Amino acid sequence: MPLLGINIDHVATIREARRGDIPDVMNAAHAAVAGGADSITVHLREDRRHIQDKDVAGLRKILKVRLNLEMAPTEEMIRIVRVIRPASVCLVPEKRQELTTEGGLNVHGQMSRMREVCQKIKSKGIMVSLFVDPKTNQIQSAKDVGADAVEIHTGNYAEAKGDAQAEELKKIHQAADAAVQLGLKLNAGHGLDYKNVQPVAHITGMHELNIGFSVIARSVFVGLEQAVREMKKLVE
């Protein structure tokens, strides 16, 4: 039974629409945990479009569950994470113009840099995960640069339909098998919702699913605690 991590970025998206204090990110984290979240994820982006530095520091202080920080592998973010020291970091690619993260890191194409980044973060006792596409060469490269875990990008699977979705799920299975065989912790996320989550949750060796947008969208109608509880039930 995989753990459920809840990404609360889009609570901050609503708050930043008015540059105010509501909805409160700390309260959102508490509600998600009350609903069964095993960890809380936030993405501190370069442009600070939603989550702010104060949010990360505040969550680090109040959370009784693991704080997972998504971030680009930049020197600015490395400095921040080495000070705040969340329990885990997931390194993701980042483009200023994108609406949300598009695809996984090209670990295979920047081995030296990724090895250096992993070492800098792990030296502070922080677990490092790499967000990668479901490709075995990227999984192997994640192991080679010293990552503790991989988070498989499930966006293509989530967007596909019918036979195409079955093909994407097959790729995820193959990547998952490779990760487990290499001794990497196996996580997955991006685009997962109440209709498509179960086939991914049932993959052998799946450690944690990280889900955000669909849960926050559902919470508009039923509240965040209940939205998380419903997702938790599906994952279990």
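Visitor: I'd like to hear about the pairing of strand E3 (residues 66–71), residue by residue, with values.
Guide: With five of six residues buried, E3 is to be regarded as a mostly interior element. Bridge analysis of strand E2 (residues 39–43) against E3 gives five bridges, and the strand direction is parallel. Within E3, the residue paired with Ser-39 across the bridge is Arg-66. Chirality of the crossover, the property in question, places the unit of E3, helix H4 (residues 75–84) and strand E4 (residues 88–91) among those that are right-handed.

Visitor: Now, about the environment of Gln-119: what can you tell me, with residues and values included?
Guide: Relative to the helices and strands, Gln-119 is located in helix H5 (residues 111–122). Judged by relative accessible area, Gln-119 falls into the exposed class, the value being 52%. Considering only alpha carbons, one finds Gln-119 and Pro-199, 80 residues apart in sequence, at a separation of 34 Å.

Visitor: Just give me the short version of the sheet that holds strand E6 (residues 149–153), but keep the residues and values in it.
Guide: Spatially, E1-E2-E3-E4-E5-E6-E7-E8 is the arrangement adopted by the eight strands of the closed barrel, whose pairing is parallel. Across the sheet, the mean angle from the axis of one strand to that of its neighbour is 25°, orientation sign disregarded. Bridge count for E6 against strand E7 (residues 185–189) is five bridges, and the pairing is parallel. Counterpart to Ala-149 in the pairing with E7 is Lys-185.

Visitor: Describe helix H8 (residues 162–181), and please don't skip the residues or the numbers.
Guide: Residues that lie three or four places apart on an α-helix share one face, since the helix turns once every 3.6 residues. If you check H8, its first and last C-alpha atoms are 29 Å apart, about what 20 residues at 1.5 Å a residue would give, namely 28 Å. For H8, every residue scored as buried is listed here: Glu-168, Leu-169, Ile-172, Ala-175, Ala-176, Ala-178 and Ala-179. The inward-facing, buried residues of H8 abut helix H6 (136–144), E6, helix H7 (155–159), E7 and helix H9 (197–201). Once H8 ends, the next one or two residues include Gly-183, with phi positive near 80°.

Conventions and cut-offs
Residues numbered from 1 in each chain as written. Predicted model: local features only at pLDDT ≥ 70, side-chain atom pairs only at ≥ 80, totals over all residues. Heavy atoms only, no water. Buried < 20%, exposed > 50% of the residue type's maximum accessible area, 1.4 Å probe, protein only. Helix = DSSP H or I, 4+ residues; strand = E, 2+ residues; numbered from the N terminus. Pairing = 2+ DSSP bridges. Right-handed = clockwise from strand over helix to strand, strands pointing away. Axes fitted to C-alpha atoms, helices over the stretch in contact; angles between N-to-C directions. Expected span 1.5 Å × (residues − 1). Contact = heavy atoms within 4.5 Å.

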